[in-house]
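# Structural characterization, general
Residues per chain are reported as follows:
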Amino acid sequence: MNYRHAYHAGNFADCMKHALLVWLVRAMQRKPGGMLVLDSHAGTGFTDLAGPEAQRTGEFHAGIARLLDDPPAPLAEYVALVRGLGLYPGSPALIRALLRPQDRLAACELHPEDHAALRRRFRGDRQVSVHHRDAWEALGALLPPAERRGLVLIDPPYEAADEFTRLAAGLVTAHGRFPAGVLAAWYPIKHRAPVRTFHAALRDAGLRDVVAAELWLRAPLDAARLNGCGLLLVNPPYGFAEAAAPILDALRSRLADEPDAGSDILRLAEE
Ligand SMILES: C[S@@+](CC[C@H](N)C(=O)[O-])C[C@H]1O[C@@H](n2cnc3c(N)ncnc32)[C@H](O)[C@@H]1O
């Protein structure tokens, strides 16, 4: 496990994932019943952007640093959360900040140091459980939640060559265990071919009600670069496409410098 998210915290991909995540948690909270948010690849919870890892790459300069001042309206709640939490928040910190008393967070992290940091961060928090366990195994073991309502964020590091295949299998497992669950999976867009294969695998597996929000900063033609990213939703909450489009537009207008940047909401399988 070589991937350490601290090098990439706050980059454009984090901003996209987290801005949509905030909307998703809020959308799930339209109903009063409690829910579980399962963050299968949680990271450390917080990153010091002044620390050596983030400073080494400087990726956040082209990401969150461009959003902090006078954020466009669709990004306002997300940016306010980032500002309000002090250190730069990762997905479990954002989710925790949004939980109501009836909600809970289960966060899995396999890297020993990152898991230890995450555990320290949430020690004594009765609404958060931190697990040192493999995400793919946890999708079977921790679902369905007792609440029968939940959001699952799957955010792998894509270190392994077969990560898209594992992700497709993980989504099928999670959906099989928890058919009513809202599943959100982040994926990189370097070039189109692996993304098309991933989408086709989900269609072939028979998953219904699948959409993907995608943002690319330049045409995805160079397989060696992170040109864009997507968030794929199974069972998206009502109004996702209508809400995601202006969020993606706002991100593109602030974060993209190239004329061939773009964004899209794709419906991959009908309800
Ligand atoms: C992209 S980062 C997560 C970032 C975090 N979700 C966020 O948005 O702030 C992926 C994380 O997954 C962890 N990881 C990698 N393989 C894993 C596995 N099989 N099970 C659980 N965690 C894993 C890595 O150590 C890394 O911290």
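Presented here is an overview of the structure given in this document. (Residues numbered from 1 in each chain as written. Predicted model: local features only at pLDDT ≥ 70, side-chain atom pairs only at ≥ 80, totals over all residues.)

### Digging into the site of the ligand
Heads up, the rule is: Each residue receives a C-beta atom placed from its backbone. It is near a molecule or strand if this atom lies within 6 Å of it. Ten residue types, Ala, Val, Leu, Ile, Met, Phe, Trp, Tyr, Cys and Pro, are classed as nonpolar, four, Asp, Glu, Lys and Arg, as charged, and the remainder, Gly among them, as polar.
The environment of the ligand is made up of 19 residues, and the closest members are His 41, Gly 90, Ser 91, His 111 and Ala 135. Of the residues that constitute the shell around the ligand, the class distribution is eight nonpolar, six polar and five charged.

### Regarding helix H4 (residues 91–98)
This is how the line gets drawn: Each residue is classified by how many other C-beta atoms fall within 10 Å of its C-beta atom, where C-beta atoms are placed from the backbone; a count of 20 or more means buried, 12 or fewer means exposed, and values in between mean partly exposed. Secondary structure elements follow DSSP: runs of H or I no shorter than four residues count as helices, runs of E no shorter than two count as strands, and numbering proceeds from the N terminus.
Burial analysis of H4 places six of its eight residues in the buried class, the great majority of the element. When we look at burial in H4, the residues that qualify are Ser 91, Pro 92, Ala 93, Leu 94, Ile 95 and Arg 96.

### Structural notes on helix H3 (residues 76–84)
The condition that has to hold: Relevant arc is that of directions from the helix axis to the C-beta atoms, nothing else. Working definition of a contact: two residues with C-beta atoms, positioned from the backbone, lying within 7 Å.
Along H3, the residues that are buried comprise Tyr 78, Val 79 and Val 82. Buried residues in H3, looked at end-on, bunch into an arc of 95°, giving them a common side. Of the residues in H3, the exposed ones pointing more than 90 degrees away from the buried face are Ala 80 and Gly 84. Where H3 is buried, its residues contact helix H1 (12–28) and strand S3 (88–89). Gly 86 occupies a position one or two residues after H3 and carries a positive phi of about 85°.

### Notes on the nonpolar core
Note the following rule: Put simply, a nonpolar core is buried Ala, Val, Leu, Ile, Met, Phe, Trp, Tyr and Cys residues tied into one set by C-beta atoms within 7 Å.
Within the largest apolar cluster, 82 residues are counted, with the highest numbers of intra-cluster contacts made by Met 16, Leu 183 and Ala 184. No other element matches the ten residues that H1 contributes to this core. Among all residues touching Met 16, those that are not within four sequence positions of it are Leu 215, Cys 229, Leu 231 and Leu 251.

### Remarks on the sheet that holds strand S4 (residues 104–108)
Note the cut-off: Strands were regarded as paired on the criterion that DSSP finds at least two bridges between them. Axis lines are fitted through C-alpha atoms, for helices just across the contact stretch, and the angle between N-to-C directions can take any value from 0 to 180 degrees.
Reading across from one edge, S5-S4-S1-S6-S7-S9-S8-S10 is the order of the eight strands in this open sheet, with mixed pairing throughout. Edge positions in the open sheet fall to strand S5 (128–131) and strand S10 (262–269), since each of these has one partner strand only. Averaged over neighbouring strand pairs, the angle between their axes works out to 15° when direction is ignored. Note that strand S8 (residues 210–216) and S10 share seven bridges and pair antiparallel. Directly across from Glu 214, in S10, lies its bridge partner Asp 264. Most of the contacts of helix H8 (residues 192–204) go to S10, to which it runs at about 25°, and overall it touches strand S7 (182–189), S8, strand S9 (228–234) and S10. Running over the sheet, helix H9 (residues 240–255) touches S8, S9 and S10 and is turned about 10° from S8.

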